[in-house]
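These are the residues of each chain, in order.
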Amino acid sequence: MSLLLRNRGAILLLMLNNFIIFTGIGLIIPIMPSYMNLLHINGSILGLLVAAFSITQLIFSPIAGRLSDSIGRKKVILTGLLLFAISEWMFGASSTLPFLFLARMLGGVSAALVMPAVMAYTADVTSEEERGKGMGFINAAITTGFIIGPGIGGYLAEYGIRVPFYAAAVGGLLAMAVSALFLREVKKEGQAKETGVVQPVQAGLLRQLAASYRAPYFISLIVVFVASFGLANFETVFGLFVDHKFGFTPKDIAFIITFGSICGAVVQVTIFGWIINRFGEKKIITISILVSVLFIIFTLLVHTFWLMVGVTFVLFLAMDILRPAIGTQMSKFANEQQGYVAGLNSAFTSLGNIVGPIIAGALFDLNVNYPYVMASVVLMLGFFISFKSKETQYELESRSLR
């Protein structure tokens, strides 16, 4: 029996975990433009709020990855879920900028704890051949949360603009309770000592980032950064973009995001593993970035609601394929350092998520189209880097057998 089948219960719990969390995150997406208007926040402040989340995620991601290697994935996941619930409640209850920033920074710590640990856990319980399928399942839960969340958020917002934030907090607590009760720990006691490759938890962020340039996966980390920069640039101002340019309501925004996410979830659950094994991570990443570039440009050219739905449908699908493909590629480079490399992956993602939103917010205040021009340029750079990058050893071996 394959590792994936033997550990299907753990994968299902991780999927449920991510589903609840990202349903909570999805709840607030369609109401963010209205919420920003209520608090009189412009694009630049929104970009800084997103960046604040990513700054703390960047600082804590490598530490969290090492912690998951040393003390176990489950403890780190539970702590992150609790912090997520607290941060969402704080954001909904706050009316002043300092507390909004504090809530977002706490949310960044929660993301830094949860995502590397979930990725490392998935790598622990799957073989290299099944890794793409396992990552596809995990990302499908994220996508499905985004499918359901915005629709629920648009409905809950009718009871109050802050209600979706409180609902997200409840979702985080529910995810923590389910994980505490049913998720088993895969980390064996003393494993870090036996492998001899996991470095001390105390290693600093700057030291880890500086040392990463010597690693075989450094080019992949650069692709992670560039892709995150471009996608964050696009996603940060999407709600404000369609609100200002087309006058879309929270329900309109919810429909676009929901419709664009459905196909991505189906692909991740059904054929993502086959796609990765058939074509390899490098080719999938390169094509997904190129499609993202083209359809971000198309976003600037459409003028009707249904054309925007069609363009964003393809764009979100490309993003939903790109993210797990990058995670799968990184996990195959990691060998026995799954938590460490997952932490670096999250750290470089955070770097892109810091710079991208800040620039997007500032550009949005100048012209609503400028952020998407910048996103296209940056993602095109990612396309060329990915095109020139090397394949993983597993990809090379698989291609030689075909």
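As a reminder, the structure under discussion sits directly above these lines.
Residues numbered from 1 in each chain as written. Predicted model: local features only at pLDDT ≥ 70, side-chain atom pairs only at ≥ 80, totals over all residues. Heavy atoms only, no water.

Asker: So what exactly am I meant to see when it comes to the side chain of S68 here?
Answerer: Note that S68 resides in helix α4 (residues 43–70). Residue class for S68 comes out buried when judged on its relative accessible area of 0%. Here the side chain of S68 touches R73 through a polar contact of 3.0 Å, side chain to side chain. (Helix = DSSP H or I, 4+ residues; strand = E, 2+ residues; numbered from the N terminus. Buried < 20%, exposed > 50% of the residue type's maximum accessible area, 1.4 Å probe, protein only. Polar contact = N/O pair within 3.5 Å; in protein donor to acceptor, adjacent residues only side chain to side chain.)

Asker: Any chance you could explain helix α15 (residues 281–301) here in plain terms?
Answerer: Residue pairs three or four apart in sequence face the same way in an α-helix, which turns once every 3.6 residues. Over its 21 residues, α15 extends 31 Å from the first C-alpha to the last, a length consistent with the 30 Å expected when each residue adds 1.5 Å. Those residues of α15 not exposed but buried are E281, K282, I284, I285, T286, S288, I289, S292, V293, F295, I296 and T299. (Expected span 1.5 Å × (residues − 1).)

Asker: Teacher, can you tell me more about the packing of aromatic side chains here?
Answerer: Two aromatic rings, taken as a pair, are described by how far apart their centres are and by the angle between their planes. The full count for this structure, using the stated rule, is 11 aromatic pairs. Between F248 and F305, the ring centres sit 5.3 Å apart and the planes meet at 75 degrees, which makes this aromatic pair edge-to-face. You can see F248 sitting in the loop between α12 (238–246) and α13 (250–270) and its partner F305 sitting in helix α16 (residues 305–334), a full 57 residues away along the chain. When its relative accessible area of 8% is taken as the criterion, F248 is described as buried. (Phe/Tyr/Trp six-rings, centres within 6.5 Å; stacked < 30°, edge-to-face > 60°.)

Asker: How should I be thinking about α12 in this particular structure?
Answerer: Three or more residues of α12 are buried, namely F238, G239, L240, F241 and V242. One or two residues past the end of α12 sits G247, with phi positive at roughly 70 degrees.

Asker: Explain the packing of helix α5 (residues 73–93) against helix α6 (residues 97–124) here, please?
Answerer: Each pair of packed helices can be summarised by the angle the axes make with each other and by the distance between the axes. In the contact formed by α5 and α6, the axes pass within 8 Å of each other and the chain directions differ by 155 degrees. What the angle tells us is that α5 and α6 run roughly antiparallel. The element α5 and its partner α6 pack so that their crossing is left-handed. The class makeup of the residues in the contact of α5 with α6 is 20 nonpolar, 5 polar and 4 charged. (Axes fitted to C-alpha atoms, helices over the stretch in contact; angles between N-to-C directions. Parallel < 35°, antiparallel > 145°, perpendicular 65-115°, else oblique. Left-handed = near helix turned anticlockwise from the far one by under 90°. Nonpolar A, V, L, I, M, F, W, Y, C, P; charged D, E, K, R; others polar.)

Asker: Explain the environment of E88 here, please?
Answerer: Among the structural elements, E88 can be located in helix α5. Looking at E88, the relative accessible area reads 6%, which means it is buried. For the pair E88 and V170, spaced 82 residues apart in sequence, the C-alpha to C-alpha distance is 9.0 Å.

Asker: Would you mind showing me how to read the environment of A10 here?
Answerer: Take A10: it is sitting in helix α2 (residues 8–28). What makes A10 buried here is its relative accessible area of 7%. Distance in space between the C-alpha atoms of A10 and E185 is 9.3 Å, their sequence separation being 175 residues. Contacts of A10, omitting those with residues within four sequence positions, involve Y121 and L183. (Contact = heavy atoms within 4.5 Å.)

Asker: Explain the side chain of T312 here, please?
Answerer: Within the secondary structure, T312 is located in helix α16. Judged by relative accessible area, T312 falls into the buried class, the value being 0%. Not counting residues within four places of it along the chain, the set of residues in contact with T312 comprises F238 and I256.

Asker: Honestly, the pattern of salt bridges in this entry has me stumped. Any pointers?
Answerer: Side chains carrying opposite charge are able to pair once their charged atoms draw close together. In total, this model carries 1 salt bridge according to the counting rule given. D124 is the partner of R73 in a salt bridge, and the nearest nitrogen-oxygen pair spans 2.7 Å. Taken together, the positions of R73 in helix α5 and D124 in helix α6 put the pair 51 residues apart, joining distant regions of the chain. The exposure class of D124 is partly exposed, given its relative accessible area of 32%. (Salt bridge = Lys/Arg side-chain N within 4 Å of Asp/Glu carboxyl O.)

Asker: In this structure, what is going on with the environment of S34? I would like to understand it.
Answerer: By the secondary structure assignment, S34 is in helix α3 (residues 32–38). Placed 209 residues apart in sequence, S34 and D243 show a C-alpha to C-alpha distance of 9.0 Å. With near-sequence residues (within four places) excluded, S34 lies in contact with I161 and P250.

Asker: What is the right way to read unusual backbone geometry from this model?
Answerer: Negative phi is the rule for most residues except glycine; trans is the rule for most peptide bonds. With phi around 60 degrees, H40 is a residue other than glycine that occupies positive phi space. With respect to the element layout, H40 can be found in the loop between α3 and α4. Residue class for H40 comes out exposed when judged on its relative accessible area of 73%.

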